[in-house]
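Below are the chains, spelled out letter by letter.
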Amino acid sequence: MSHWIRLLIFASIFSHISLINAQISTTTAKSNYTSYSPESKQFEVTGKDKVLTGFIARRADALRSSLMKILKIKEPWKNPINIILTGSPGDPAPLIPIRSQTVLIGDELSFRIYIHLGRGINQDLLRKEIISTLLFELALRPLDVDGIPDNTSLPAWFITGIDQAVLWTNNKADRTLYKTLFQQNCIQKPEEFLKIKKPQSELDATSYAVYQCSCGALMQCLLQQDLSVDSFKTLLNELLLSNDDAESIIKRHFPQLSITATSLHKWWALQLSRMADTPLTESLSIQETERHLREALTLIEYHSETRTAHPFSLENIDRTLSLPDRYRQLTTSTAALLHLSRNCFPTYRPLIIEYSKIVAQLQLNDLENKENMKKSILTMREIRELSIQTAKRVRDYLDWYEINTRHGSGKTFQNYAETMHQLRNKVPTPNTKISQYLLDIEKLYTLPANAPTPKL
């Protein structure tokens, strides 16, 4: 075979391979869709699912609007953010399914967010990555690309606090978690959580939830101060580039929080109590309403001889009428009932109104209607007990339904209800030899030190 024939054969083979590669690249390009965020046009989402790319673009735009509203920033963006969807549902997911990356290409910064679709999209992780990327883009705008350090990062408490602030702005924050942690005094203090560098790896699930609430309360406290857009940008740049501790940076930018050594802690605690308080538009559960109602009906009888105080319910009419400071204590009960009537469980509102009438009659020392008050109290007590039993049964039914649907067991709700009844009422054990043997063993194992052996 001559040299020219070989060249012609190789040329035809290479042209065929080039044609195949061109067809493959054309097919790949057609299989990807690109969606832009409808309002800001800052986000460019690329993926194989057209509907999903559009949804993420709108979601990112909504988060951006909430963030700009919180920070009171109206200027246009400078650098676009690319969101790239990789993988397919069911594929093995990487250890970090959603990750962000900032790359310097020439004289321009490129912000990218990679989302792997193997196990779906975690909405919390997606929200945090979008918010943190927006904060990085905002912080790096005024900096010269030549002066940007190789490793730049915003502190974890700042990103977590902004994330919680966005949730509060959109009325999606877990107020119950704030309330529970505040009542149990489990919230971390600023000097504690500001030093945590990597909360997700350093803390367990419960501690991380406490950390999020603590950062959210601090950020809400900072955002409510008189902070201009320029000063906030300065704060961002210092948090990004400075090696100083976070508490010192906060006090420099918020002088009103550094008047005394404990000013920051006091402002933060006050803001946390506001966030933990139940708003007027939110109704309490039956159990919470019942607890607040018992507190509102509680009076104190003080014995001067023994210097002891004995609490009791004002439902004890005769004991209430014998109090020397009856009028003052009943005035406090009236205020508590009025406050509870605003956000109590709806079915309790008529009961609270009736209790308020009885309190007013007791203040006026209305002895003629004492028997009617006692009858009314008995009726309301029955209604309250029935409400609590109904609430427990509804909760038991929901628990049974969840257990039954998850594990596929064929047990009936009646069996489940009987089991819960036995656990709550401590039904006595059967009088059999095995049960008696177990009781004897329990007596032996629960003996205190150096105690004599009981008769078995």
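Residues numbered from 1 in each chain as written. Predicted model: local features only at pLDDT ≥ 70, side-chain atom pairs only at ≥ 80, totals over all residues. Heavy atoms only, no water.

Turning our eyes to something else, we now look at the packing of aromatic side chains. Inspection of the entire model under this criterion finds three aromatic pairs. Taking 6.4 Å as the distance between ring centres and 85° as the angle between the ring planes, the aromatic pair formed by Phe-193 and Tyr-211 counts as edge-to-face. Of the two residues, Phe-193 sits in helix H6 (residues 190-193) while Tyr-211 sits in helix H8 (residues 205-223), which places them 18 residues apart along the sequence. Judged by relative accessible area, which is 0%, Phe-193 ranks as buried. Since its relative accessible area comes to 0%, Tyr-211 is described here as buried. Note on Tyr-208 and Tyr-211: the rings are 6.2 Å apart at their centroids and 20° apart in plane angle, and the pair reads as stacked. (Phe/Tyr/Trp six-rings, centres within 6.5 Å; stacked < 30°, edge-to-face > 60°. Helix = DSSP H or I, 4+ residues; strand = E, 2+ residues; numbered from the N terminus. Buried < 20%, exposed > 50% of the residue type's maximum accessible area, 1.4 Å probe, protein only.)

Bringing the environment of Asn-32 into the picture now. With respect to the helices, strands and loops of the structure, Asn-32 is situated in the loop between helix H1 (3-31) and strand E1 (33-36). For Asn-32, a relative accessible area of 33% puts it in the partly exposed group. Placed 53 residues apart in sequence, Asn-32 and Leu-85 show a C-alpha to C-alpha distance of 9.6 Å.

Mapped onto the elements, Ser-66 comes out in helix H2 (residues 50-71). Take Ser-66: its relative accessible area is 10%, and that puts it in the buried class. A distance of 3.2 Å separates a polar atom in the side chain of Ser-66 from a polar atom in the side chain of Asn-170. If we skip the residues at most four places from it in the chain, Ser-66 touches Val-166 and Asn-170. (Polar contact = N/O pair within 3.5 Å; in protein donor to acceptor, adjacent residues only side chain to side chain. Contact = heavy atoms within 4.5 Å.)

Strands belonging to one sheet form pairs held by backbone hydrogen bonds; the direction of such a pair is parallel or antiparallel. Pairing within the open sheet is mixed, and its five strands lie in the order E1-E2-E3-E5-E4. Here the strands that pair on one side only, and so sit at the sheet edges, are E1 and strand E4 (98-105). In this sheet, adjacent strand axes meet at a mean angle of 20° when their direction is disregarded. Of the strand pairs in this sheet, E4 and strand E5 (residues 108-116) are connected by eight bridges, and their pairing is antiparallel. Its bridge partner lying in E5, Ser-100 is registered against Ile-113. (Pairing = 2+ DSSP bridges. Axes fitted to C-alpha atoms, helices over the stretch in contact; angles between N-to-C directions.)

This brings us to the pattern of salt bridges. On inspection of all chains with the given rule, the structure shows 13 salt bridges. One salt bridge connects Glu-301 with Arg-319, and the closest N-O pair in it is separated by 2.6 Å. In this pair, Glu-301 sits in strand E6 (residues 298-303) while Arg-319 sits in helix H13 (residues 317-321), placing the two residues 18 residues apart along the sequence. Here Glu-301 falls in the buried class, since its relative accessible area comes to 17%. With a shortest N-O distance of 3.3 Å, Asp-318 and Lys-374 are connected by a salt bridge. Taken together, the positions of Asp-318 in helix H13 and Lys-374 in helix H16 (residues 370-407) put the pair 56 residues apart, joining distant regions of the chain. Here the salt bridges do not stand alone but share partners, grouping Glu-290, Arg-294, Glu-315, Arg-381 and Arg-384 into one network. (Salt bridge = Lys/Arg side-chain N within 4 Å of Asp/Glu carboxyl O.)

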